[in-house]
Amino acid sequence: MSRIAEIAAALAGYDAKALSVEGVQQFVEQLVAPGVPALLRQREDVPLRDALGRVLADDVVSPFSVPPHDNSAMDGFAFDGAALDGATGELPLRIVGTALAGAAWRGEVGPGEALRIMTGAVMPAGLDTVVPQEFCTVDGDTLHFPASALRRGDNRRFAGEDLMAGSAALRAGDRLGPASLGLAASLGLATLPVLRRLRVAYFSTGDEILSLGDAPREGAVYDSNRYTVFGLLTRLGCEVVDLGLVRDDPATLEATLRRAASEADAIITSGGVSVGQADHTRAVMQRLGDMAFWRIAMRPGRPMAVGLIPRDDATGGHAVLFGLPGNPVAVMVTFLAFVRPALLQLMGCHAEARRPPPLLRATSATAIRKKPGRTEYQRGLVRAVPGALPEVRIAGNQGSGVLSSMVEANGLVVLHHAQGSVEPGESVDVMMFDGTI
Ligand SMILES: Nc1nc2c(c(=O)[nH]1)N[C@H]1C(S)=C(S)[C@@H](COP(=O)(O)OP(=O)(O)OC[C@H]3O[C@@H](n4cnc5c(N)ncnc54)[C@H](O)[C@@H]3O)O[C@H]1N2
Ligand code: MOO
């Protein structure tokens with residue numbers, strides 16, 4: 001049985017003509033899963049800066065505690081906080097020396113004494129409290145501060161409060177961001193083991209599409225999808241293979257798909273997956289690969305194809321194909337809903353790193369018409385409202401060819417499958433883009 005038929009047979013209530021968004025997500029997760037282990041074996045060590053945006057191959061265990069010693073969180077004076085017990089009014093302490101960050105203080109600090117200390121300097125044994133210098137008056141070698149200004153233990157940072165020796169600092173499958181790089185650096189690591197970057201090939205189809213540089217022609221539009229897809233893949237950290245604009249001709253389409261499958265782990269096409277008569281795309285995909293053509297209960301993004309295109313070599317491997325609908329906003333929404341999680345899975349990310357951006361609750365400033373029975377994604381502009389839920393306003397024309405409203409928007413209002421129309425003032429879920437798409 002083909003892999004597509006196998007997954008379809010195992011999914012309760014599967015209907016290729018009426019799939020829910022969640023049904024597609026489950027299907028795609030199962031489709032890409034068998035390809036993941038082979039990719040996980042391909043790894044390299046890279047200098048720390050080059051690890052930004054890559055997926056970590058192994059857990060990183062902290063070889064020592066960070067910070068390595070108890071230290072001061074403030075510039076001020078360290079002392080034994082027992083002096084605060086029952087104290088009222090001004091507390092006098094005798095200053096016996098200075099501890100600078102980076103150099104341990106070797107002397108003794110006894111009862112009634114304090115040590116001038118800088119932020120980050122090691123707390124000497126027996127001292128547990130730091131009074132910030134703003135609270136203090138210094139008179140010769142004597143220090144005064146109001147006892148009520150602090151409590152015992154204030155302004156001391158504990159050894160290991162960031163990382164304990166032996167604890168997991170970073171987890172295999174993490175997507176490494178700026179904080180991860182900094183954390184690795186705090187452990188003294190100059191390189192990190194990362195997984196191979198995922199290679200994704202993409203092309204556009206359609207005889208009415210123009211490449212940049214072509215003269216405008218009646219009835220034709222410029223190829224915007226290839227640039228949107230480039231941006232989406234690059235942000236995800238993929239290596240991109242741009243196979244250009246492909247004419248709607250079976251031989252060229254077949255040659256391009258074969259090349260894409262041999263060069264890449266995944267393929268993204270746009271256009272030609274609906275029911276139009278002139279489209280050869282569907283037929284060629286079906287002939288070459290193990291494919292499903294769906295109508296999804298969502299808007300935009302109703303028609304979509306998914307499948308496996310075998311490689312021409314002897315490995316028996318295949319590339320995962322996502323045939324996205326041609327309309328430019330449908331490309332972005334189907335990418336966010338289905339392609340992004342699948343590519344993150346292939347990249348070796350663990351389940352948490354594959355999650356979609358969290359949904360934010362916002363008050364709709366606009367009436368929204370919506371039929372129950374499909375998931376809708378409307379472009380919205382969210383703004384903060386002091387003391388209340390954020391407000392979201394539907395941005396511009398919602399036609400699935402209208403990219404300008406996507407540029408204007410900062411999030412997608414997610415109208416769930418069973419949800420109906422929304423009145424102004426009702427609250428809705430919004431998925432903020434936040435650098436994701
Ligand atoms: N009778 C039906 N017609 C349509 C249906 C349907 O179910 N029944 N679905 C509609 C929906 S929804 C969509 S989405 C589109 C998807 O069609 P295709 O994937 O076959 O895409 P095309 O027909 O090739 O193009 C659709 C639209 O997008 C423009 N386009 C295509 N590629 C690009 C590109 N690279 N850059 C910019 N714009 C592009 C193209 O010019 C068309 O306007 O089908 C509906 N029809
Ligand atoms: O998928 Mo079409 O409206 O979803 O653009």
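Residues numbered from 1 in each chain as written. Chains lettered and ligands numbered in written order. Predicted model: local features only at pLDDT ≥ 70, side-chain atom pairs only at ≥ 80, totals over all residues.

### A few points about the overall build of the protein chain
Helix and strand counts for the protein chain stand at ten helices and 26 strands. For 437 residues, the compact-globule formula gives about 22 Å, and the C-alpha radius of gyration of the protein chain, at 30 Å, lies well above that figure. Taken along its principal axes, the extent of the C-alpha atoms in the protein chain is 95 × 55 × 50 Å. Looking at the protein chain residue by residue over its 437 residues, the buried ones come to 35%. Long-range contacts, defined as pairs at least 24 residues apart, comprise 70% of the intrachain contacts of the protein chain with a sequence gap of at least 6. (Helix = DSSP H or I, 4+ residues; strand = E, 2+ residues; numbered from the N terminus. Rg over C-alpha atoms; globule rule 2.2 N^0.38 Å. Buried ≥ 20, exposed ≤ 12 C-beta atoms within 10 Å, placed from the backbone. Contact = placed C-beta atoms within 7 Å.)

### Let's talk about the site of ligand 1
Of all residues adjacent to ligand 1, which total 26 residues, the nearest are Asn225, Gly271, Ser274, Pro325 and Gly326. Taken together, the elements giving at least two residues each to the shell around ligand 1 come down to helix H5 (225–236) and helix H8 (328–346). The class makeup of the residues in the shell around ligand 1 is eight nonpolar, 13 polar and five charged. (Near = placed C-beta within 6 Å. Nonpolar A, V, L, I, M, F, W, Y, C, P; charged D, E, K, R; others polar.)

### Considerations on H8
Remark: the principal bend of H8, roughly 50 degrees, maps to Phe335. Of all 19 residues making up H8, 18 are buried, and the element is well covered by its neighbours. (Bend = angle between axes of the 7 residues up to and from the residue.)

### Describing the pairing of strand S24 (residues 391–394)
Only one face of S24 is buried, namely the one carrying Val392 and Ile394, since none of Glu391 and Arg393 on the opposite face is buried. Pairing analysis gives two bridges linking strand S22 (residues 359–364) to S24, with the strands arranged parallel. Bridge pairing in S24 places Ser364 opposite Val392. Inspection of the sheet shows strand S23 (residues 375–383) paired to S24 by four bridges, in the antiparallel sense. Looking across to S24, one finds that Arg383 is bridged to Glu391. (Pairing = 2+ DSSP bridges.)

### Details of unusual backbone geometry
Most peptide bonds take the trans form, and the phi angle of most residues other than glycine is negative. Following Val66, the chain continues to Pro67 via a peptide bond in cis, the omega torsion being -10 degrees. Looking at the element boundaries, Pro67 is found in the loop between strand S2 (60–61) and strand S3 (71–72). Look at the link from Arg299 to Pro300: it is a cis peptide, with omega at -5 degrees. By the secondary structure assignment, Pro300 is in the loop between strand S19 (298–299) and strand S20 (303–310).

### A closer look at the domain arrangement of the protein chain
Segmentation of the protein chain into domains returns domain 1 (3–42 + 197–354), domain 2 (46–51 + 55–66 + 161–194), domain 3 (71–157) and domain 4 (359–432). Using C-alpha coordinates to define each centre, domain 2 is positioned 38 Å away from domain 4. (Domains from an automatic or database assignment.)

### Quick notes on the packing of helix H2 (residues 21–32) against H8
The N-to-C vectors of H2 and H8 enclose an angle of 25 degrees; their axes lie 10 Å apart at closest approach. By the angle between their directions, the pair H2 and H8 is classed as roughly parallel. In this structure, H2 meets H8 at a crossing whose hand is right-handed. Residues Val21, Val24, Gln25, Val28, Glu29 and Val32 of H2 form the contact with H8, whose own contacting residues are Ala337, Phe338, Pro341, Ala342, Gln345 and Leu346. Looking at the contact of H2 with H8, its residues break down into nine nonpolar, two polar and one charged. (Axes fitted to C-alpha atoms, helices over the stretch in contact; angles between N-to-C directions. Parallel < 35°, antiparallel > 145°, perpendicular 65-115°, else oblique. Left-handed = near helix turned anticlockwise from the far one by under 90°.)

### Overview of the nonpolar core
Ranked by internal contacts, the top residues of the largest apolar core, which has 87 residues, are Val200, Ala266, Ile267, Ile268, Ala319, Leu321 and Leu343. The element best represented in this core is H8, accounting for 14 residues. Contacts of Ala319, omitting those with residues within four sequence positions, involve Ala260, Ala261, Ala264, Asp265, Ala266, Ile267, Ile309 and Arg311. Judged by nonpolar contacts, the second largest core, of 20 residues, contains Leu115, Met123, Leu127 and Leu143. (Core = buried A, V, L, I, M, F, W, Y, C linked by C-beta atoms within 7 Å.)

### Regarding the site of ligand 2
As a matter of local geometry, ligand 2 sits amid Arg299, Pro300, Gly301, Arg302, Pro325, Asn327, Ala330 and Ser400. Classifying every residue of the shell around ligand 2 gives three nonpolar, three polar and two charged.

### Considering the pairing of S22
Where S22 and strand S26 (residues 427–432) come together, five bridges link them in antiparallel fashion. Pairing of Leu360 across the sheet is with Val430, part of S26.

### Looking at the environment of Gly316
Summarising the element assignment, Gly316 is placed in the loop between S20 and strand S21 (318–324). Measuring from C-alpha to C-alpha, the distance between Gly316 and Gly173 comes to 26 Å, with 143 residues separating the pair along the chain.

### Description of the packing of helix H6 (residues 250–263) against helix H7 (residues 281–288)
Between two packed helices, both the angle of their axes relative to each other and the distance between the axes serve to describe the pair. Between H6 and H7, whose axes approach to 10 Å, the crossing angle comes to 45 degrees. Overall, the two elements H6 and H7 adopt an arrangement that is oblique. Along this stretch, H6 crosses H7, giving a crossing that reads as right-handed. In contact with Pro250, Leu253, Glu254 and Leu257 of H6, H7 contributes Thr281, Val284, Met285 and Leu288. Its residues assigned to classes, the contact of H6 with H7 shows six nonpolar, one polar and one charged.

### With respect to the sheet that holds S21
Pairing in this open sheet of six strands is mixed, and the strands run S16-S13-S17-S21-S20-S18 from one edge to the other. At either end of the open sheet lies a strand with only one pairing partner, and these are strand S16 (239–246) and strand S18 (290–295). Taken over all neighbouring pairs, the strand axes of this sheet differ in orientation by 15 degrees on average, direction set aside. Here strand S13 (residues 199–205) pairs with S16 via six bridges, running parallel. Counted as the bridge partner of Tyr202 is Asp242 from S16.

### So, the sheet that holds strand S7 (residues 129–132)
One open sheet accounts for six strands, arranged S7-S4-S6-S5-S9-S8; its pairing is mixed. Of all strands in the sheet, those bounded by a partner on one side alone are S7 and strand S8 (137–139). Averaged over all pairs of adjacent strands, the angle between strand axes in this sheet comes to 40 degrees, irrespective of strand direction. Inspection of the sheet shows S8 paired to strand S9 (residues 142–146) by three bridges, in the antiparallel sense. Across the sheet, Thr137 pairs through a bridge with His144, a residue of S9.

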